[in-house]
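Descriptive structure summary
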Amino acid sequence: MTSTTETRPARDETDRARLLEQLLADTLLDAEAAARLPAPVPGHLRRPPDDGPLTRLPLPASPRAGLADVLPERGAAHDFAPAAISGAELSALLAAADRMDARGWAAEREAGVDLELYCAAWRVTGVDIGLHRYLPDRSQLCRVASLPDGPQAEELVLQREFAQAAALVVITGNLAAALERHGGHGHRLLLTRAGAAGHAAWLTALRLGLVGTVFAGLLPHVLRERASADGYHRAALFAFAVGRPPATEPAPPGRSTDLGPA
Ligand SMILES: Cc1cc2nc3c(=O)[nH]c(=O)nc-3n(C[C@H](O)[C@H](O)[C@H](O)COP(=O)(O)O)c2cc1C
């Protein structure tokens, strides 16, 4: 309390000191509260990774079989031959995935809620080993990061067999933008779009004589470190592992598949 004998300038001085004390206390409180909040997403995590070397993709390979012919044999494949797939085949898978989304969800894309397609390439003719972002408008790949090859590639995935695939198509979406536009429904919508895009890639692969399966994708830290996928502005949604089918084992002697005349 201010003494009644205090002169006016002295009282002003005391008030100023109290005010400063109060301000300092508020600042300290804010700093403590801020320390409890999750750190804001740093700028480099929001930057679309598109400044890496570019690879022009060939025209998409034409299907070798009709959908009705391959559907009865369709199944989730976890084994892959060591042979490469061609750049034209990869081009067809990525184009099919993007086309599915463009036709089904044009309004979402126009509103800025994009899916992004990445390719983890290990054995694709004409494409370097690494993680690439697909640029559909230019039919190009932009290399965003290196990837280990061989046994070390198994550390990128939960199920090691997917590291034996020739390539993975990895689908991400802007969850922040989807939630802003649709609330909680935005997440469901993104998952639906990613499901449609992933299956479009799968069906295209089957028509090219390739095999694969849809699955969860690269481990979260791999995409975070290599593609700035913070799980919010760029969230991993779905993936498709693709490769050539393994050579079929010859039938053991004595177990001929030729059943002879009926
Ligand atoms: C949303 C979704 C996620 C999936 N995730 C995985 C996965 O992480 N690992 C896996 O081996 N298969 C995964 N699959 C593939 C299914 O397991 C596979 O399609 C299922 O076993 C059916 O087999 P089929 O396609 O041969 O009929 C996933 C499928 C879907 C639709």
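Every chain is numbered on its own, with residues counted from 1 as its sequence reads. Residue-level local features of this predicted model are given only where pLDDT is at least 70; pairs of side-chain atoms are given and counted only at 80 or more, and the full residue set underlies all totals for whole chains, interfaces and linings. Excluding hydrogens and water, the side-chain values take into account all heavy atoms of the structure.

**So, the layout of surface pockets**
Only protein atoms enter the 1 Å grid used here, on which a cavity is any set of points holding a 1.4 Å probe that cannot leave and a pocket is any open set flanked by protein within 12 Å on both sides along at least five of seven lines; residues with an atom within 4 Å of a point are listed as lining. Grid points are joined across faces, edges and corners, and a volume is the space filled by probe spheres set on the points. There is about 420 Å³ of room inside the largest pocket. Lining the largest pocket are 20 residues, with Asp 114, Leu 115, Glu 116, Arg 133 and Pro 136 sitting closest to its centre. A run of H or I in DSSP becomes a helix once it reaches four residues, and a run of E becomes a strand once it reaches two; helices and strands are each numbered from the N terminus. Every element with two or more residues in the lining of the largest pocket is listed here: helix 2 (43–46), strand 2 (115–121), strand 3 (130–135) and strand 5 (167–173). As a working rule, the residues Ala, Val, Leu, Ile, Met, Phe, Trp, Tyr, Cys and Pro are called nonpolar, Asp, Glu, Lys and Arg charged, and the rest polar, with Gly in that last group. A breakdown of the residues in the lining of the largest pocket according to their chemical character gives 6 nonpolar, 5 polar and 9 charged.

**Thoughts on the confidence of the model for the chain**
The pLDDT score gives, residue by residue, the confidence of the prediction method on a 0 to 100 scale. Residues of the chain with pLDDT of at least 70 account for 82%, and the chain-wide mean is 86. For residues 256–262, every residue scores under 50 in pLDDT, and the model assigns this stretch 1 contact once sequence neighbours within four places are set aside. Any two residues whose heavy atoms approach within 4.5 Å at even a single point are treated as in contact.

**Focus on helix 7 (residues 185–207)**
What a helix should span is 1.5 Å times the count of its residues minus one. In a regular helix each residue adds 1.5 Å, so 23 residues correspond to 33 Å; helix 7 covers 33 Å between its end C-alpha atoms and thus fits that length. Trailing helix 7 by a residue or two, Gly 209 shows a phi angle of about 85 degrees, which is positive.

**With respect to the site of the ligand**
Inspection of the region around the ligand gives Arg 74, Gly 75, Ala 76, His 78, Gln 159, Phe 162, Trp 202, Thr 213, Val 214, Phe 215, Ala 216 and Phe 238 as its neighbouring residues. Pairing of N or O atoms within 3.5 Å defines a polar contact, subject to two protein rules: one partner must be a possible hydrogen donor and the other a possible acceptor, and residues neighboring in sequence count only if both atoms are side-chain atoms. For the ligand, a nitrogen atom lies 3.1 Å from a polar atom in the backbone of Val 214. Note on areas: Shrake-Rupley with a 1.4 Å probe; residue coverage comes only from the protein chains shown. Coverage of the ligand by the protein chains reaches 49% of its 630 Å² of free accessible surface. Considering every element that reaches the shell around the ligand, the biggest residue donor is strand 6 (residues 211–215), with 3 residues. Near, as used in this document, describes a residue that has one of its heavy atoms within 4 Å of the molecule or strand being considered.

**Description of the packing of aromatic side chains**
Centre distance within 6.5 Å is the pairing criterion for rings of Phe, Tyr and Trp, where only the six-membered ring of Trp is used; planes under 30 degrees apart are then read as stacked, over 60 as edge-to-face, and the remainder as tilted. According to the stated counting rule, one finds 2 aromatic pairs in the structure shown. Aromatic side chains Trp 202 and Phe 240 sit 6.1 Å apart centroid to centroid with 35 degrees between the ring planes, which places their arrangement in the tilted category. Placement of the pair is Trp 202 in helix 7 and Phe 240 in strand 7 (residues 235–243), with a sequence separation of 38 residues. Of the two residues examined, Trp 202 and Phe 240, each falls in the buried class. When accessible area is computed with a 1.4 Å probe and restricted to protein chains, residues below 20% of their type maximum are described as buried, those above 50% as exposed, and intermediate ones as partly exposed.

**A closer look at unusual backbone geometry**
The phi dihedral of Ser 139 is positive, around 50 degrees, even though this residue is not glycine. Within the element layout of this structure, Ser 139 appears in the loop between strand 3 and strand 4 (140–145). One non-glycine residue, Ser 228, adopts positive backbone phi at about 55 degrees.

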